[in-house]
Amino acid sequence: MNKKPSMDIVIPFYNEQAVVSELFTRLEQLVDSLAAEVTVICVNDGSTDSTLEKLLEAAASARFTVRILSLSRNFGKESALTAGLHHTEADVVISMDGDLQDPPELIEELYQRWLDDEQLDIVIPVRRTRNEDGFLKRTTATLFYWVAQKITDTKMLPQAGDFRLMSRRVITAIEHYGERARFMKGLFATVGFNYATVEYDRPGRPAGKTSFSLWKLWNFALDGITSFSSLPLRIWSYVGFLLAALGLGFAALKVVSTLVFGVDVPGYASTFVVVLFFSGIQLISIGILGEYIGRVFSEVKRRPLYLVDRTHGFDGQFLREVSARHDLPAIARDIDSRD
Ligand code: UDP
Ligand code: MG
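Residues numbered from 1 in each chain as written. Chains lettered and ligands numbered in written order. Predicted model: local features only at pLDDT ≥ 70, side-chain atom pairs only at ≥ 80, totals over all residues. Heavy atoms only, no water.

Before we go on, may I ask you to explain the coordination of the magnesium ion (ligand 2) in this structure?
In an ideal tetrahedron of four donors about a metal, each angle is 109.5 degrees. In an ideal octahedron of six donors, the angles are 90 or 180 degrees. Every protein donor of the magnesium ion (ligand 2) is accounted for by Asp99 (OD) and Gln101 (OE1), and the metal-donor separations fall at 1.9 to 2.0 Å. What makes Gln101 buried here is its relative accessible area of 11%. (Donors = N, O, S within 2.8 Å, 3.2 Å for Na, K, Ca; no water. Buried < 20%, exposed > 50% of the residue type's maximum accessible area, 1.4 Å probe, protein only.)

Shown next as structure tokens:
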């Protein structure tokens, strides 16, 4: 008895060569004091710099187990994180960013909370402020969470990111969400379970730069809403009814005014405005249909969410099992083997 619980720390990396060694130094300091069997699972999301080399270097000298999944190209953070989670097997799993914006030191507190309370399955760090984000990102994020809160059933915590601790059964639950569009924050929120939050100050990025431009964030937000709500689709029937009712009312008004005042033929401009307005409304509704159809299209293709090119530190049998479970081709090659 009294075996230490095992902990997998999943970290996606995309062009993070500048921070890898500092991250490992800080993990190293932490792991010693942690009463857990720690494995760090690094996902190299098709980095074009020397991130993979840096990871291998760090793995060679680390005092804890390091496993590396190197994807065949850049699949995006959500897919990279999913890939990492698929390859975990520990009792508790931590997901965190590799850019040091999620301070590794906090893991200790998350873990302690989990150990102290048997009812807990999730522990989520929430940032006290969003001051480290620019004004634009802050307001757009607030707006997004407000809309998401209103029109989806998921309760996403606005101040939380993908940094969190989850128990094994949460990970298993998430694996049963079969969609290809992986809006992780939403998925994390839909599974439910008891959670606790821990407050922290999120530091800025020490090096490198964010890979989320405003345009990417907009698309990300669209993914978030369309994955979790069909309200944008349904709303058009109501808009249609409302406009039809308005049209009928207007028609009745016209009949009366024609009977009373006779016919006059002004109104070129007003016709023009009405036509423009309604064409706009129709195009918007078709566009929204398109958003969903596009997503249905990419879901039915059932393409692999990610492809693992090379690995380090994984057991071959385990990799084959994971591939089989997630309908992925078993093509990963160990970095150290030549064949
Ligand atoms: N990331 C990734 N694939 C991508 C983009 C980002 O794996 O295509 C990783 C990145 O290396 C970092 C984390 O996801 O560890 C968060 O990315 P970033 O700091 O750019 O996002 P932000 O903190 O600005 O939301
Ligand atoms: Mg970041």
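There's more to say after this.
I keep staring at the site of ligand 1 and nothing clicks. Help me out?
The immediate surroundings of ligand 1 are formed by 18 residues, with Glu16, Asp45, Asp99, Arg205 and Thr210 found nearest. Pro12 has a polar backbone atom sitting 2.9 Å from an oxygen atom of ligand 1. Contact distances for ligand 1 include 2.7 Å between an oxygen atom and a backbone N or O atom of Gly98. Within the complex, the protein chains bury 94% of what would otherwise be the 530 Å² of accessible surface of ligand 1. Counted by class, the shell around ligand 1 contains four nonpolar, six polar and eight charged residues. (Near = heavy atom within 4 Å. Polar contact = N/O pair within 3.5 Å; in protein donor to acceptor, adjacent residues only side chain to side chain. Areas by Shrake-Rupley, 256 points an atom, 1.4 Å probe, with all protein chains shown as cover. Nonpolar A, V, L, I, M, F, W, Y, C, P; charged D, E, K, R; others polar.)

Can you walk me through the sheet that holds strand E6 (residues 164–167) in this structure?
Backbone-to-backbone hydrogen bonds join strands into a sheet, with any given pair of strands oriented parallel or antiparallel. Strands sit in the order E7-E5-E6-E4-E1-E2-E3-E8-E9 across an open sheet of nine strands; the sheet is mixed. Pairing within the sheet leaves two strands with one partner each, and these edge strands are strand E7 (195–200) and strand E9 (333–334). As paired strands, strand E2 (residues 37–44) and strand E3 (residues 65–71) are joined by six bridges and run parallel to one another. Paired with Val40 across the strands is Val66, a residue of E3. The sheet strands contacting helix H2 (residues 51–61) are strand E1 (6–13), E2, E3 and strand E8 (308–312), and the helix crosses E3 at an angle near 165 degrees. Helix-sheet contacts for helix H6 (residues 168–175) involve strand E4 (92–95), strand E5 (122–127) and E6, and the interaxial angle to E6 is about 90 degrees. (Pairing = 2+ DSSP bridges. Helix = DSSP H or I, 4+ residues; strand = E, 2+ residues; numbered from the N terminus. Contact = heavy atoms within 4.5 Å. Axes fitted to C-alpha atoms, helices over the stretch in contact; angles between N-to-C directions.)

Explanation requested: the environment of Asp45 in the structure shown.
Within the secondary structure, Asp45 is located in the loop between E2 and H2. C-alpha of Asp45 to C-alpha of Gly134: the two residues are 89 residues apart in sequence and 25 Å apart in space. With residues near it in sequence (within four places) discarded, Asp45 still touches Phe13, Tyr14, Leu71, Arg73, Asn74, Phe75, Gly76, Lys77 and Ala80.

Looking at this structure, how should I read the side chain of Ser70?
Considering the arrangement of structural elements, one finds Ser70 in strand E3. Residue class for Ser70 comes out buried when judged on its relative accessible area of 4%. In this structure the side chain of Ser70 is engaged in a polar contact, spanning 3.0 Å, whose partner is the side chain of Asn44. Leave out the neighbours within four places in its chain, and Ser70 touches Asn44, Leu52, Leu307, Val308, Asp309 and Arg310.

I would appreciate a short explanation of the pairing of E5 in the present structure.
Regular strands place their side chains on alternate faces of the sheet. Most of E5 is tucked away: six of the six residues are buried. Burial along E5 is two-sided: the residues Ile122, Ile124 and Val126 and Val123, Pro125 and Arg127 are all buried. Sheet topology note: the E5/E6 ladder contains two bridges and is antiparallel. Residue pairing across strands places Ile122 opposite Met166, the latter belonging to E6.

What should I look at first to understand the side chain of Arg295 in this one?
Take Arg295: it is sitting in helix H10 (residues 268–300). Under the relative-accessibility criterion, Arg295 is labelled buried at 18%. The contacts of Arg295, once residues within four sequence positions are left out, are Asn219, Leu222, Asp223 and Thr226.

Would you take a moment to explain helix H5 (residues 135–151) for this structure?
The α-helix advances 3.6 residues per turn, and as a result positions three or four apart in sequence lie on the same side. Over its 17 residues, H5 runs 25 Å from end to end, which matches the ideal 24 Å to within 8%, given 1.5 Å per residue. The complete set of buried residues in H5 reads Ala141, Phe144, Tyr145 and Ala148. An end-on view of H5 places all buried positions within 95 degrees of arc, on one side of the element. In H5, the exposed residues that point more than 90 degrees away from the buried face are Phe135, Thr142, Leu143, Trp146 and Lys150. Each element contacted by the buried residues of H5 is listed here: helix H7 (184–190) and helix H8 (214–228). (Expected span 1.5 Å × (residues − 1). Arc of directions from axis to C-beta.)

Is there a simple way to think about the pattern of salt bridges in this case?
Opposite charge on two side chains permits them to pair, given that their charged atoms come into close proximity. The tally for this structure, following the rule as stated, stands at 14 salt bridges. Its salt-bridge partner being Asp97, residue Lys77 comes within 2.7 Å of it at the nearest N-O pair. Linking Lys77 in helix H3 (residues 77–86) with Asp97 in the loop between E4 and helix H4 (106–116), this pair joins segments that are 20 residues apart in sequence. Judged by relative accessible area, which is 22%, Lys77 ranks as partly exposed. Asp223 is the partner of Arg295 in a salt bridge, and the nearest nitrogen-oxygen pair spans 2.8 Å. Taken as a pair, Arg295 in helix H10 and Asp223 in helix H8 lie far apart in primary sequence, 72 residues in all. Among the residues examined, Asp223 registers a relative accessible area of 27% and is labelled partly exposed. What emerges from the salt-bridge pattern is a single network uniting Glu22, Arg26 and Glu105. (Salt bridge = Lys/Arg side-chain N within 4 Å of Asp/Glu carboxyl O.)

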